[in-house]
2 protein chains.
Amino acid sequence: MRSAIKIVSSVALAVSLMACQGIDAVEGEPQPQKSAQEAVVDQGGYALTQEAAEKRLDAQLDKDFNIPFPKDPGGGYTHEVHKANAALIYDAGQLYTLTGEERYADFAGKLMLAYAEVYPSWELHPAKKEQSPGRMFWQNLNESMWLLHVSQSYGAIKDTLSDEHRAKIETDLLRNMSEFLSDGSPETFNKVHNHGTWATAAVGLTGYAIGDEDYVEQALNGLDKSGEAGFLKQMDKLFSPDGYYNEGPYYQRFALKPFVIFAQAVQKNNPELKIFEQRDGILKKAIYTTIHQNYGGLFFPINDAIKEKGIKTNELLHGVAIAYELTGDTGLLSIAKEQDTFVLTPESRKLSQDIAAGKATPFDYKSMRLGDGEEGNEGALDILRASADPNGLAVVAKNTSQGLGHGHFDKLALLVFDAGHEILRDYGAARFLNVEAKYGGHYLPENNAYAKQTVAHNALVVDETSHFDSDVEVGNKNAPVLGEFVVTDNLKVTTAEIDTAYDDVKLGRTVAIIDDAAFDGPVIVDLTEAHADGSHRYDLPFHYNGHLVETNFDVQADPLARAPLGAKNGYQYLWKVAEANPVDGLSQVTWLLDKKFYSVSSSVPKGTKVVFTQVGANDPNFNLRNEPGFMLRAITNDGVSFVSVIEPHGDYNPTVEYTLGSHSQVKAIGHFEGGADEFIQIETKQGDIVGLGLAGDPNPELTHTVEVNGESITWTGAYKLFQSNKHKTAGN
Amino acid sequence: MRSAIKIVSSVALAVSLMACQGIDAVEGEPQPQKSAQEAVVDQGGYALTQEAAEKRLDAQLDKDFNIPFPKDPGGGYTHEVHKANAALIYDAGQLYTLTGEERYADFAGKLMLAYAEVYPSWELHPAKKEQSPGRMFWQNLNESMWLLHVSQSYGAIKDTLSDEHRAKIETDLLRNMSEFLSDGSPETFNKVHNHGTWATAAVGLTGYAIGDEDYVEQALNGLDKSGEAGFLKQMDKLFSPDGYYNEGPYYQRFALKPFVIFAQAVQKNNPELKIFEQRDGILKKAIYTTIHQNYGGLFFPINDAIKEKGIKTNELLHGVAIAYELTGDTGLLSIAKEQDTFVLTPESRKLSQDIAAGKATPFDYKSMRLGDGEEGNEGALDILRASADPNGLAVVAKNTSQGLGHGHFDKLALLVFDAGHEILRDYGAARFLNVEAKYGGHYLPENNAYAKQTVAHNALVVDETSHFDSDVEVGNKNAPVLGEFVVTDNLKVTTAEIDTAYDDVKLGRTVAIIDDAAFDGPVIVDLTEAHADGSHRYDLPFHYNGHLVETNFDVQADPLARAPLGAKNGYQYLWKVAEANPVDGLSQVTWLLDKKFYSVSSSVPKGTKVVFTQVGANDPNFNLRNEPGFMLRAITNDGVSFVSVIEPHGDYNPTVEYTLGSHSQVKAIGHFEGGADEFIQIETKQGDIVGLGLAGDPNPELTHTVEVNGESITWTGAYKLFQSNKHKTAGN
């Protein structure tokens, strides 16, 4: 059998080398029992990774080098060949360290020498980007990446080189390139931005490799060594104190690599700096928060995220391996097992060994508030998990700041996950990464026009207009104001408000996971509010994943026609499928996904419509995924409150042919106010009552009272769960 | 934590007991090393199954029996309680055999006695079905199922009973019920139909259990023991000589259970009958063909299939275990591993033990023609697999007969699978099994109106009318005529024709998998033809699974409106999304699914349109899945030929961020005729030429010549693959 992929020329080489930094381990049949001695060296998935890398490198050893004169921009031929060569050099260096086989050192040295021959003569790249041009590549970001890999290899193999060769490589390649990236590109090197981190990390690693302390100091403290710029400053600024990266996990992953790779070198060479303890261990936090921001192995797809991206990415393979080296946290081994992919480093090998030795323990997934912004005071990403089960119910409340140019306009949006799936979806980016036929693989026009707009998210839209009127600048200046974040066994809850998303409307949302025996399992309570004077239209979309099976009201999809729901701000991309009227102020919509049912039961104002939608209008190029949704739509003069219970339930088993619990348990939802205090009461069909008190003032000392159907309900503190009698008798 | 499912009263009990016959084994952490002695008793997944069953039974031992007077029809309370009791009795008997614990025998005996008390007094069921009424259940099919399970348990535990109790149970329950099912229900018992198999198996098993040879003889040879009816006759008639079941794999699975369970008992009690050797080993064949008719663990979803149904179903858990007992074929252990689910039998335990002992070998998936019909001459299900890899490229050509009332009108339809997914889909049944909100869980009205219609399949539609004008009776009388089925390393091919699907149009289709180095991997060649005089419209739909990424012609989805494509025969359920004109007679459509691209490149007649569709028009109740498709549409006066290459290609990797081979390799497709002989020539963008000769006369001795662009191409035999130069140099 031939491989399914034909390897064609050097582009394929680049691919094979990219892949070499993250090869999927092959799940094999159980291996025959080995002798005790062999068992010690059994390295499971890692061993396969190294074996494949050796094979791949061995096939290159006798080939002529291909070092084309720089010509093409990103993705072009010369771009890919130079990337591939860096990967070859890096792998050869790593393999020399790991195996001691001199042929790898020879190869890496010779390829570096070949680059040293030509690099000094390369002026700025002919296709250079205006802002930060490179010489080997169109932008110096790629040049930094190249050097980050090559300098590590040089450090590994330099002892095998003659003095003459060392001098040649150091002078004509490593120093030449480093100085171009530092003194020659101050606007990047001194910038507090992830491109700056790549540059400082590359130059700093070069400093360690060639033994030039000046380079290291510039890398750490900026060109003038003052500490106003450089790696340490970037560590201070680019992550929030909780280790959250402003643009979200999709970009956090990318930013992570130069931080952890260089920091590891600093730790080895300058242990006195205690780099991993700096800023209360910010780099470890950043690795952990990246992990915490995944569900089912994929990153929470907020902002311009490619939804397929997750914990198997190369950056996080290094991150997890280095974090394990630092912490010995055996929970990380569970993550490494899920990654099931290893990189060519001793730390990655150690992961594999310890997994094989049965040391893995469950990763400690938990609810957490990740403060956003340099000071941690620009909103937060609030993660609520019903349990430590990575496939359990989880909610992400996007109470973050805008997240710069890749940010979406979805303040206080929800993402819901359960049973390994997205349940209420974020569309993510409208982009087919590297698929030439889809707009060259770039962000599609529909990314700005639909995916970034508020209506593409599970977030409240006022007057068919996106938050901040889709102005990134305004968005960047205005973060939500956070309320209390509380986590107990039976109640996890967060609140946030924002009064700048719209000029004259203040938005608020409280999201809770409650656990009560009145339900099959944990359920979500979502109170979405708008405070306003004057008439507005409020749309609260729920982008559900699955097949609609039941509603508590009559609804008929239009059998014969479809038309766009609106004309602007993303509405033009939604087909209007149906419109319906909830009965007695309760809207219930149930869908089926895989083996479970999901219901959203909502208490809604009188006159509310439920509008069913499908993505795909105004999409002549078939660029959008045709996903279903529904929205609660109310027009009022005095703001709005939608109180929803989002309820996973039942069991659909077509294999054994039974279906249980296909109907929502919710019979009624009451919403009561007493001044600034609120009380939500949920009645189930079996007659159980569950309540949730929400205080206007979060002071834990204060007592609150709300009249509920003639009865006074009193509690102390910001939030209070009133459990059902069933829960009490169940002894929880 | 509470369980996600609340167990409520006896309906849940029934469920838990259904589940007990097929419990998912829990994938655990690697177990600590055991001593050699312990290792011997390690039964992996099976041990968990038995443990769970013991726990479940133990919880029932002290409870009062619940034997309600029969009242409800299928799915109702009394129905489910009696089903649950049968499962309890069965499990108790199995556990007694497996553990020797008398408490299980006691329990089973007492519950049988309790039934013996009341059963004789039960007349026909109040909700009885007209055709085949039961007494405990509304139809005697369920009564047969009940007895099939209970009689096995009686056989297992009868030695623990007093003479008096034995007499009571035998007389008032087992004989009373058996005689009702045999002499009392001759119209079912003597019928050659799967309901008859359940009845004969139940009565025959009772005969063995109580030692009544008369029962066994009646079961085997019919009420009058003549052999004109009974189990042996059913074995002769209900499967084709290749072991194919007329209604397709979804129903084959259901029919299988009484055959294999009773045959196993016959083998034990009357080995001289060599029941498993009868009719050239038909029962083993039936088990194997059921397995062969799966992809990715799910049955090929032809006809009224629930698409989630697959090899984990209870029937096939028994089937695989019994087949392994009979054959020792270690390939079956791979299937059992994939099932990852065990039943309470010694045979299932053996599977688990042998898997744990590392005996599993790959199952021998291969291309095969499964003749349909009692004599094997009513068409065939043709399965082409590119390799033994269960996740490799596979094509099913539905050249079968109609398949009775659950059959769909899709003669010569294609289903294509690759990389673990459906690529070109069959819609399967329009039904949400047991989901009350969806039409009570029954087949939806859209099942007849859409899912059964030809246009819902990858099959040629003439004049917007379904095959046989949607008349099942006509369909049942007319099967396709098969051409040659040939399997070689590089060429797998099948042909079929039918001239009865339409009055005046003869349909033909040749489908091949070819393997040539000019392509990334194996590709499919599909020649769909219609022979007719007079003007007809021909629609060839491709129900693709994935996201459209590229076409070789301009196409614009209507941005502002949708309307149904037609008015009848399923067309009313398709939105017309776009219509386009292929350029120079070549239509190319490429989509992305998961990590791969798929292209359909088609040589089409002049004037052909490509119509893009989405399922979901005229669907007010949101019953249909909104799946995309496109169809080649031509209007001609003299029949039509569509020659398509269906090509998996490339690699989309968003984790490592590369995309390779996103474009089809096909540059041109030529179709040449020389009398009744045909030649298809595929030219790739790299300039390779691959040819396929198709003879009008399949005689292997005959030589054929077709003029191709002025050159004479000659071959001998029914089919001939002309490989590219690249293939030849690649040394394949």
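Residues numbered from 1 in each chain as written. Chains lettered and ligands numbered in written order. Predicted model: local features only at pLDDT ≥ 70, side-chain atom pairs only at ≥ 80, totals over all residues. Heavy atoms only, no water.

1. A closer look at the overall build of chain A
Here comes step 1: When helices and strands are tallied, chain A shows 19 helices and 31 strands.
Here comes step 2: By its C-alpha atoms, chain A is 90 × 60 × 60 Å across when sized along the principal axes.
Here comes step 3: Residue pairs in contact within chain A that sit at least 24 positions apart in sequence constitute 67% of those at least 6 positions apart.
Here comes step 4: Looking at charge distribution, chain A has the averaged site of its 63 positive side-chain charges lying 4 Å from that of its 101 negative ones. (Helix = DSSP H or I, 4+ residues; strand = E, 2+ residues; numbered from the N terminus. Contact = heavy atoms within 4.5 Å. Lys, Arg positive; Asp, Glu negative; His and termini not counted. Charge placed at Lys NZ, Arg CZ, Asp CG, Glu CD.)

2. Side note on the relation of the copies chain A and chain B
Here comes step 1: Between chain A and chain B, the superposition needs a rotation of 180° and an axial shift of 0.0 Å, giving an RMSD of 0.1 Å. The two molecules are tied by a two-fold rotation axis, judged by turn and shift. Closest approach to the rotation axis within chain A is made by the C-alpha atom of Arg-562 of chain A, at a distance of 2.5 Å.
Here comes step 2: A shared interface surface links the copies, since 99% of the contact residues of chain A are contact residues in chain B too. (Least-squares fit on C-alpha atoms with pLDDT ≥ 70 in both.)

3. Side note on the pattern of salt bridges
Here comes step 1: Evaluation of the coordinates by the stated rule reveals 68 salt bridges over all chains.
Here comes step 2: As a salt-bridge pair, Asp-418 of chain A and Lys-596 of chain A come within 2.8 Å of each other at their nearest N and O atoms. Residue Asp-418 of chain A is located in strand β8 (residues 413–418), and its partner Lys-596 of chain A is located in strand β20 (residues 596–603); the two are separated by 178 residues in the primary sequence.
Here comes step 3: One salt bridge in this structure joins Lys-285 of chain B and Asp-280 of chain B, with 3.3 Å as the shortest N-O distance.
Here comes step 4: By relative accessible area, which is 26% here, Lys-285 of chain B ends up partly exposed.
Here comes step 5: Connected through salt bridges with shared partners, the residues Glu-464, Arg-537, Asp-539 and Arg-633 of chain A form a single ionic network. (Salt bridge = Lys/Arg side-chain N within 4 Å of Asp/Glu carboxyl O. Buried < 20%, exposed > 50% of the residue type's maximum accessible area, 1.4 Å probe, protein only.)

4. Regarding the packing of aromatic side chains
Here comes step 1: Applying the stated rule across the entire model yields 58 aromatic pairs over all chains.
Here comes step 2: Ring centres of Phe-612 of chain B and Phe-630 of chain B lie 5.9 Å apart, and the angle between their planes is 40°; this geometry places the pair in the tilted category. Here the residue Phe-612 of chain B occupies a position in strand β21 (residues 609–615), and Phe-630 of chain B occupies one in strand β22 (residues 628–636), the gap between them amounting to 18 residues.
Here comes step 3: The class of Phe-612 of chain B is buried, set by a relative accessible area of 1%.
Here comes step 4: Using a relative accessible area of 1% as the deciding quantity, one classes Phe-630 of chain B as buried.
Here comes step 5: Members of the aromatic cluster, connected to one another through ring pairs, are Phe-542, Tyr-544, Phe-553, Trp-591, Tyr-598, Phe-612 and Phe-630 of chain A together with Phe-622 of chain B.
Here comes step 6: Its guanidinium or amino end placed over the ring of Phe-180 of chain A, Arg-135 of chain A lies 5.3 Å from that ring's centre, counting from NZ or CZ.
Here comes step 7: It is Lys-438 of chain B that lies over the ring of Phe-432 of chain B; its NZ or CZ is 5.5 Å from the centre. (Phe/Tyr/Trp six-rings, centres within 6.5 Å; stacked < 30°, edge-to-face > 60°. Lys NZ or Arg CZ within 6 Å of the ring centre and 35° of its normal.)

5. Quick look at the packing of helix α12 (residues 249–269) of chain B against helix α13 (residues 278–292) of chain B
Residues and elements named next belong to chain B.
Here comes step 1: Taken N-terminus to C-terminus, the directions of α12 and α13 make an angle of 145°; their axes are 10 Å apart at the nearest point. Judged by the sense of rotation from one axis to the other, the crossing of α12 with α13 is left-handed. Residues Gln-252, Arg-253, Leu-256, Phe-259, Val-260 and Ala-263 of α12 pack against Leu-283, Ala-286, Ile-287, Thr-289 and Thr-290 of α13.
Here comes step 2: Of the residues contributing to the contact of α12 with α13, the split by class is seven nonpolar, three polar and one charged. (Axes fitted to C-alpha atoms, helices over the stretch in contact; angles between N-to-C directions. Left-handed = near helix turned anticlockwise from the far one by under 90°. Nonpolar A, V, L, I, M, F, W, Y, C, P; charged D, E, K, R; others polar.)

6. Quick notes on helix α12 (residues 249–269) of chain A
Here comes step 1: In this model, α12 of chain A (21 residues) spans 30 Å end to end at C-alpha, consistent with the 30 Å of a helix rising 1.5 Å per residue.
Here comes step 2: Across the 21 residues of α12 of chain A, 17 count as buried, placing the element largely inside the fold. (Expected span 1.5 Å × (residues − 1).)

7. Points about unusual backbone geometry
Residues and elements named next belong to chain A.
Here comes step 1: Although it is not a glycine, Glu-464 adopts a positive phi angle of roughly 55°.
Here comes step 2: By secondary structure assignment, the location of Glu-464 is in the loop between β10 (461–462) and α18 (472–477).
Here comes step 3: Glu-464 gets classed as buried once you look at its relative accessible area, which sits at 14%.
Here comes step 4: The phi dihedral of Ser-470 falls on the positive side, at around 60°, and the residue is not glycine.
Here comes step 5: Counting through the fold element by element, Ser-470 comes out in the loop between β10 and α18.

8. Some points on the sheet that holds strand β31 (residues 719–722) of chain B
All names here are of chain B.
Here comes step 1: Across the sheet, which stays open at both edges, the four strands sit in the order β26-β27-β28-β31 with antiparallel pairing between neighbours. Since the sheet does not close on itself, it has two edges, and those belong to β26 (666–674) and β31, each with one partner. In this sheet, adjacent strand axes meet at a mean angle of 10° when their direction is disregarded. (Pairing = 2+ DSSP bridges.)

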